[in-house]
Amino acid sequence: MANISIGIIGMPNVGKSTLFRALTAIAVPAENYPFCTIDPNVGVVEVPDARLDRLVDMLPPRHRVAPVVEFVDIAGLVQGASRGEGLGNKFLQHVREADALAHVVRAFESEEVARAASSVDPVEDLEIVDTELALADLEVVGRRSEKVTREARSGNKAAAREEALLERVAARLDRGEPARREDVDDDEGAMIRPLNLLTGKPVLYVINVDEDGLEGSSDEARVRAAVAGQDPRAECLAICAELEAEILDLPVEEREEYMAALNLDAGTLDRLIQVGYRLLGLHSFFTIGDEEVRGWTVRVGAFAPEAAGKVHTDFERGFIRAETIHYDDFVRAGSLKDARERGLLRFEGKDYVVQDGDILFFRAAP
């Protein structure tokens with residue numbers, strides 16, 4: 001089961017399937033016509049983390065287990081997708097369960113790859129897709145509002161509060177703003193979360209440029225400015241999906257040298273997952289032993305019992321304490337035995353906030 005799921009969206013012929021292949025190394029159709037991706041492409045990949053590999057080399061265990069991310073690539077969205085144009089509604093349903101969206105925006109020119117009929121330039125493409133997502137969400141909010149309004153009129157106070165929240169969200173969507181910009185408290189968040197609003201999800205805008213555009217381009221700058229004006233918390237990442245896919249076709253031993261020549265310090269998967277973790281407020285901790293070395297994903301700010309629950313639900317219920325050492329300290333010590341002798345391991349209680357790179361040993365009551 002994937003730790004997180006990221007839906008890849010955008011207009012037709014913007015490079016979504018090429019990006020998917022670069023991320024997952026799964027060969028998928030990328031023909032030059034809309035809707036070649038009728039059914040969603042789904043790929044599950046390990047989260048790249050050099051720290052996990054180093055721990056495995058140091059110990060080494062019988063098993064290595066990395067956190068994983070699921071990518072879901074849907075067909076291109078066109079103007080009117082929220083009303084079913086281009087089978088849009090069907091496609092959108094495939095990413096409603098995703099934790100975050102990667103919105104691919106085309107910022108390259110190619111005579112071989114035609115633009116969609118409604119496509120004009122990157123900023124207008126971005127606005128078309130964002131509008132379709134908002135319209136699809138308005139439909140979901142409207143359906144829920146009809147039910148909640150009936151309950152509120154019968155005197156249900158919880159329903160009345162949800163009705164007010166839905167009115168606020170609908171008003172924001174009507175203004176062309178994403179639902180994620182609506183400030184909600186914990187109770188309101190619990191009310192709105194089951195709707196899986198598309199505009200409520202964190203978004204990474206992937207600006208797909210040609211190779212020359214990796215050094216920056218006017219189209220990239222325009223997209224970044226448009227995103228900043230619409231949602232300051234969203235992030236942008238410029239990539240050349242075609243180039244990244246070509247790198248995958250090279251022998252493994254040649255990839256690093258080729259990337260260095262292009263001044264690429266990390267592949268698309270590494271960069272996209274790093275941004276995805278940041279958007280979702282996630283980071284990693286590790287558990288180690290002779291049997292298994294494993295990386296785990298936990299939210300930033302999580303207390304030790306919550307992290308223990310990732311390993312086993314019984315560990316959270318019966319949590320007593322956590323023995324911990326940070327990855328950097330463990331590597332400097334060279335082994336668990338030497339780390340203990342140097343007094344580098346420490347005991348932490350229920351109020352300990354797990355840090356990125358912690359190595360944790362949990363103690364729990366049976």
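See the structure printed just above.
What comes next is a walk through the structure. Here the structure is a predicted model, which means the values were calculated and not measured. (Residues numbered from 1 in each chain as written. Predicted model: local features only at pLDDT ≥ 70, side-chain atom pairs only at ≥ 80, totals over all residues. Heavy atoms only, no water.)

1. Description of the overall build of the protein
Turning to step 1, where the next piece is worked out: Secondary structure assignment for the protein yields 14 helices and 12 strands.
Turning to step 2, where the next piece is worked out: Sequence separation of at least 24 residues holds for 69% of the intrachain contacts in the protein that already meet a minimum separation of 6.
Turning to step 3, where the next piece is worked out: As displayed, the protein has an accessible area near 17,900 Å², and 48% of this comes from carbon and sulfur atoms. (Helix = DSSP H or I, 4+ residues; strand = E, 2+ residues; numbered from the N terminus. Contact = heavy atoms within 4.5 Å. Areas by Shrake-Rupley, 256 points an atom, 1.4 Å probe, with all protein chains shown as cover.)

2. A few points about the nonpolar core
Nonpolar side chains tend to gather and get buried jointly when the protein is soluble and globular.
Turning to step 1, where the next piece is worked out: Residues Ile8, Leu19, Phe71, Leu133, Tyr205, Val206 and Leu272 are the most contacted members of the largest nonpolar core, which totals 52 residues.
Turning to step 2, where the next piece is worked out: With near-sequence residues (within four places) excluded, Leu19 lies in contact with Ile8, Val104, Val206, Ile239, Ala241 and Thr268. (Core = buried A, V, L, I, M, F, W, Y, C linked by side-chain atoms within 4.5 Å. Buried < 20%, exposed > 50% of the residue type's maximum accessible area, 1.4 Å probe, protein only.)

3. So, the sheet that holds strand E2 (residues 41–46)
Backbone hydrogen bonds are what pair the strands of a sheet, in a parallel or an antiparallel way.
Turning to step 1, where the next piece is worked out: Taken in spatial order, the 6 strands make up an open sheet running E2-E4-E1-E5-E6-E7, and their pairing is mixed. Unpaired on one side and paired on the other, E2 and strand E7 (235–239) mark the two borders of the sheet. Across the sheet, the mean angle from the axis of one strand to that of its neighbour is 25 degrees, orientation sign disregarded.
Turning to step 2, where the next piece is worked out: In this structure, strand E6 (residues 203–209) lies alongside E7, joined through 5 bridges in parallel fashion. Note on E7: the bridge partner recorded for Val206 is Leu237.
Turning to step 3, where the next piece is worked out: Taken strand by strand, helix H1 (residues 16–24) contacts strand E1 (4–9), E2, strand E4 (68–73), strand E5 (100–107), E6 and E7, and its axis lies near 30 degrees from that of E2.
Turning to step 4, where the next piece is worked out: Strand contacts of helix H7 (residues 218–230): E5, E6 and E7, with the helix running at about 165 degrees to E7, the strand carrying the most contacts. (Pairing = 2+ DSSP bridges. Axes fitted to C-alpha atoms, helices over the stretch in contact; angles between N-to-C directions.)

4. Section: the packing of helix H8 (residues 241–248) against helix H9 (residues 252–261)
Turning to step 1, where the next piece is worked out: Axis separation between H8 and H9 bottoms out at 9 Å; the angle between their running directions is 150 degrees. When the axis of H8 is compared with that of H9, the two are roughly antiparallel. Of the residues in H9, those in contact with Leu243, Ile247 and Leu248 of H8 are Arg255, Tyr258 and Met259.
Turning to step 2, where the next piece is worked out: For the contact of H8 with H9, a count of residues per class yields 5 nonpolar, no polar and 1 charged. (Parallel < 35°, antiparallel > 145°, perpendicular 65-115°, else oblique. Nonpolar A, V, L, I, M, F, W, Y, C, P; charged D, E, K, R; others polar.)

5. Quick notes on the packing of aromatic side chains
Turning to step 1, where the next piece is worked out: For the structure on display, the rule yields 4 aromatic pairs.
Turning to step 2, where the next piece is worked out: Note on Phe286 and Tyr327: the rings are 6.5 Å apart at their centroids and 45 degrees apart in plane angle, and the pair reads as tilted. Taken together, the residues Phe286 in strand E8 (residues 282–287) and Tyr327 in helix H13 (residues 327–333) connect sequence positions 41 residues apart.
Turning to step 3, where the next piece is worked out: For Phe286, a relative accessible area of 1% puts it in the buried group.
Turning to step 4, where the next piece is worked out: Residue classification places Tyr327 among the buried positions, given a relative accessible area of 11%.
Turning to step 5, where the next piece is worked out: Positioned above the aromatic ring of Trp296 is the side chain of Arg294, whose terminal nitrogen or guanidinium carbon lies 4.2 Å from the ring centre. (Phe/Tyr/Trp six-rings, centres within 6.5 Å; stacked < 30°, edge-to-face > 60°. Lys NZ or Arg CZ within 6 Å of the ring centre and 35° of its normal.)

6. Things to note about the pattern of salt bridges
Turning to step 1, where the next piece is worked out: Following the criterion strictly, the structure yields 29 salt bridges and no others.
Turning to step 2, where the next piece is worked out: Between Arg224 and Glu220 there is a salt bridge whose closest N-O contact spans 2.9 Å. Taken as a pair, Arg224 and Glu220 lie in helix H7 at a separation of 4 residues, close to a single helical turn.
Turning to step 3, where the next piece is worked out: In this structure, the salt-bridge partner of Arg332 is Asp329, at a minimum N-O distance of 2.6 Å. Taken together, the positions of Arg332 and Asp329, both in helix H13 and 3 residues apart, correspond to about one turn of that helix.
Turning to step 4, where the next piece is worked out: Salt bridges here are not isolated pairs; linked through shared partners, they connect Arg168, Arg172, Arg175, Glu177, Glu182 and Glu188. (Salt bridge = Lys/Arg side-chain N within 4 Å of Asp/Glu carboxyl O.)

7. A word on the pairing of E5
Turning to step 1, where the next piece is worked out: Across the 8 residues that make up E5, a large majority, 8, are buried.
Turning to step 2, where the next piece is worked out: Taken together, the 4 bridges between E1 and E5 define a ladder with parallel strand orientation. Bridge assignment links Ile6 to a residue of E5, and that residue is Ala100.

8. Concerning the side chain of Lys16
Turning to step 1, where the next piece is worked out: Residue placement: Lys16 occurs in helix H1.
Turning to step 2, where the next piece is worked out: It is Asp73 that comes nearest to the buried, bridge-free Lys16 among opposite-charge side chains, at 4.0 Å.
Turning to step 3, where the next piece is worked out: Polar contacts involving the side chain of Lys16 include one to the main-chain carbonyl oxygen of Ile74, which spans 3.0 Å. (Lys, Arg positive; Asp, Glu negative; His and termini not counted. Polar contact = N/O pair within 3.5 Å; in protein donor to acceptor, adjacent residues only side chain to side chain.)

9. Let's talk about the environment of Pro232
Turning to step 1, where the next piece is worked out: Structurally, Pro232 can be placed in the loop between H7 and E7.
Turning to step 2, where the next piece is worked out: Relative accessible area serves as the criterion here: at 60%, Pro232 is assigned to the exposed category.
Turning to step 3, where the next piece is worked out: Separated by 51 residues in sequence, Pro232 and Arg181 place their C-alpha atoms 9.4 Å apart.
Turning to step 4, where the next piece is worked out: Residues in contact with Pro232, not counting those within four places in the same chain, are Arg181 and Val227.

10. Observations regarding helix H11 (residues 304–311)
Turning to step 1, where the next piece is worked out: Among the residues of H11, Ala304, Pro305, Ala307, Ala308 and Gly309 are the ones counted as buried.
Turning to step 2, where the next piece is worked out: Those residues of H11 that are buried lie in contact with E8, strand E9 (292–299), helix H12 (313–317), strand E10 (319–326) and strand E12 (358–364).

11. A word on the environment of Tyr352
Turning to step 1, where the next piece is worked out: With respect to the element layout, Tyr352 can be found in the loop between strand E11 (346–348) and E12.
Turning to step 2, where the next piece is worked out: A residue is classified by how much of its surface remains accessible, and Tyr352, at 10% relative accessible area, is buried.
Turning to step 3, where the next piece is worked out: Sequence separation between Tyr352 and Ala304 is 48 residues; the distance between their C-alpha atoms is 5.5 Å.
Turning to step 4, where the next piece is worked out: If sequence neighbours within four positions are ignored, Tyr352 has contacts with Ala302, Phe303, Ala304, Arg346 and Asp358.
Turning to step 5, where the next piece is worked out: Only 3.0 Å separates the side chain of Tyr352 from the side chain of Arg346, close enough to count as a polar contact.

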